[in-house]
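Structural characterization, general
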Protein chains: 2
Amino acid sequence: MSKVRLFVDHPLGAGQTVPLDRDQAHYLFGVMRLGPGAVLSLFNGQDGEWDAEVTEAAKRRGTLTCIAQTRPLQEPPDLWLLFAPIKKARTDFIVEKATEMGARRICPVLTEFTNSERVRVDRLQAHAVEAAEQCGGTYVPEVAEPVKLDRLLDGWDPARALMFCDETRIGAADDLPDTLRAPTAILIGPEGGFSPRERDRLRGMDCATGVSLGPRILRADTAAVAALTLWQNAHGDW
Amino acid sequence: MSKVRLFVDHPLGAGQTVPLDRDQAHYLFGVMRLGPGAVLSLFNGQDGEWDAEVTEAAKRRGTLTCIAQTRPLQEPPDLWLLFAPIKKARTDFIVEKATEMGARRICPVLTEFTNSERVRVDRLQAHAVEAAEQCGGTYVPEVAEPVKLDRLLDGWDPARALMFCDETRIGAADDLPDTLRAPTAILIGPEGGFSPRERDRLRGMDCATGVSLGPRILRADTAAVAALTLWQNAHGDW
């Protein structure tokens, strides 16, 4: 059995005690059946991964005490994933996948052809935490508030490369150009693609590069994993 | 609005009539509201993509007549995806993703640490058809009957390279070796990984290569897309 991993929003360090809230106590003691003396893994996105011992276990609260650091913090490369939100389940998947794949920041982007405008950032952030617990990461990407594409591009820092998945370039796969080194943001369009105006605007940006993802039209969640794979393999932490 | 795409298990050719079964008639006439004279796209995995016209529309049946071929058959490269089945929803996702990513054959593999042994191949095949309809492919990968890993390796054709995702190689990402050119099979292990015995057996095969997918532990469905991306980008049809 592998050790339970838990994200906590609390400083970690040798001898540091970590109070548990009601949900955490229920998960560790009710669901996972840990008791006093049990050892689990903690991370908080800043201090690496720590072994910690259950030093108090009650129904609605508890305390953990850090023993020793087991891994240093591994920040992912400076890679953002920008995506047009889609159906709820697939949006959840995109956040999960982006966390596993090592994006540092995840930002829902509203484009002209984006249908779903309701995005619950707190729920998506919870998915990122869960994915980080699951994949052994020591870092949790921030899920940003949704932003309109035009507004995002208005304020774009030209020092950050922008890799957008361009379905009109279908079949023209190239190696990723060196201009796409970190910092980079990957932009995945909505199911209907970018509007012609949006595509023109992206193509007109010096820091932006359109990339093909093969001869078939990928769903947004597939495209997100594929694009993150290409970038991580070429320039990232793989 | 983009044209409706439908997979049919029937020969396609100029002037060819295609009878519809009850489900197809319900989908086209009831759900998509097509009527006589409407034009849609057909493919059967063999004869490319055809424009066809509705020439008879009834509640439980109908007839389409092929007009002209719009695209030739595009067979994907000779790439198989072998995966240990996981929870139902994620197994469905793997089949959908493998179809979009251009695998030619999809085969569930039962390993020592595979928990879920119930696989409904007909349901998975239907998912592959739906994904092909959606992604604009002209080819539908075959979903094979589940097979035990040992039995699969007993009869392995050494002319087919085997790329297995080896989580013990974490962090050691390399370019894919040239030995992984088609024909290749990608093998994704179960959530608990391969057993030590299975890993030793795979490592002992001349045609097999272990590949790392970065420093985090990917879920099986994420790993499938990532591995297919690496292969398609290096040696496939992207």
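Computed from a predicted model, the values in this text were never measured in an experiment.

As a further point, take a nonpolar patch on the surface. All names here are of chain B. Residues Tyr27, Val31 and Met32 make up a contiguous nonpolar surface patch of roughly 240 Å² in combined accessible area. Position of valine 31 among the secondary structure elements: in helix H1 (residues 22-31). In this structure valine 31 comes out as partly exposed when scored by relative accessible area, which is 47%.

A complete count under the given rule lists seven aromatic pairs over all chains for this structure. Seen from their ring centres, Phe7(A) and Phe43(A) are 5.6 Å apart, and the 70° between their planes marks the pair as edge-to-face. Taken together, the residues Phe7(A) in strand S1 (residues 5-7) and Phe43(A) in strand S3 (residues 39-43) connect sequence positions 36 residues apart. Pairing Phe93(A) with Phe93(B) gives two aromatic rings, centres 4.2 Å apart and planes at 20°, and the pair type is stacked. With Phe93(A) in helix H2 (residues 88-101) and Phe93(B) in helix H2 (residues 88-101), the pair connects residues from two separate chains. By relative accessible area, which is 14% here, Phe93(A) ends up buried. It is Arg160(A) that lies over the ring of Trp80(A); its NZ or CZ is 3.6 Å from the centre.

The next subject is the environment of Met205(A). All names here are of chain A. Looking at the element boundaries, methionine 205 is found in the loop between helix H5 (196-203) and strand S12 (208-211). We classify methionine 205 as buried; its relative accessible area is 15%. Filtering out sequence-adjacent residues up to four positions away, methionine 205 remains in contact with Leu153, Trp156 and Leu162.

Bringing the state of the cysteines into the picture now. Within this structure, the stated rule accounts for zero disulfides over all chains. With no disulfide of its own, Cys107(B) has Cys165(B) as its nearest cysteine by sulfur position, at a separation of 15 Å.

Our next topic: the side chain of Thr114(B). All names here are of chain B. Summarising the element assignment, threonine 114 is placed in the loop between strand S7 (105-110) and helix H3 (121-135). In this structure the side chain of threonine 114 is engaged in a polar contact, spanning 2.6 Å, whose partner is the side chain of threonine 111. Leaving out residues up to four positions away in the same chain, threonine 114 has contacts with Ala84, Pro85, Val109 and Pro190.

We now examine the environment of Leu12(B). Residues and elements named next belong to chain B. You can see leucine 12 is positioned in the loop between strand S1 (5-7) and strand S2 (17-20). Along the sequence, leucine 12 and asparagine 44 sit 32 residues apart, while their C-alpha atoms lie 7.4 Å from each other. When neighbours within four sequence positions are excluded, leucine 12 is seen to be in contact with Val18, Leu42, Phe43, Asn44, Asp47, Gly48, Trp50 and Cys66.

Parameters at a glance
- Residues numbered from 1 in each chain as written.
- Chains lettered and ligands numbered in written order.
- Predicted model: local features only at pLDDT ≥ 70, side-chain atom pairs only at ≥ 80, totals over all residues.
- Heavy atoms only, no water.
- Patch = residues over 30% accessible without salt bridge, like charges linked within 9 Å, V, L, I, M, F, W, Y side chains within 5 Å.
- Areas by Shrake-Rupley, 256 points an atom, 1.4 Å probe, with all protein chains shown as cover.
- Salt bridge = Lys/Arg side-chain N within 4 Å of Asp/Glu carboxyl O.
- Helix = DSSP H or I, 4+ residues; strand = E, 2+ residues; numbered from the N terminus.
- Buried < 20%, exposed > 50% of the residue type's maximum accessible area, 1.4 Å probe, protein only.
- Phe/Tyr/Trp six-rings, centres within 6.5 Å; stacked < 30°, edge-to-face > 60°.
- Lys NZ or Arg CZ within 6 Å of the ring centre and 35° of its normal.
- Contact = heavy atoms within 4.5 Å.
- Disulfide = S-S within 2.5 Å.
- Polar contact = N/O pair within 3.5 Å; in protein donor to acceptor, adjacent residues only side chain to side chain.

Everything listed here is a matter of coordinates, which is why it stays silent on function.
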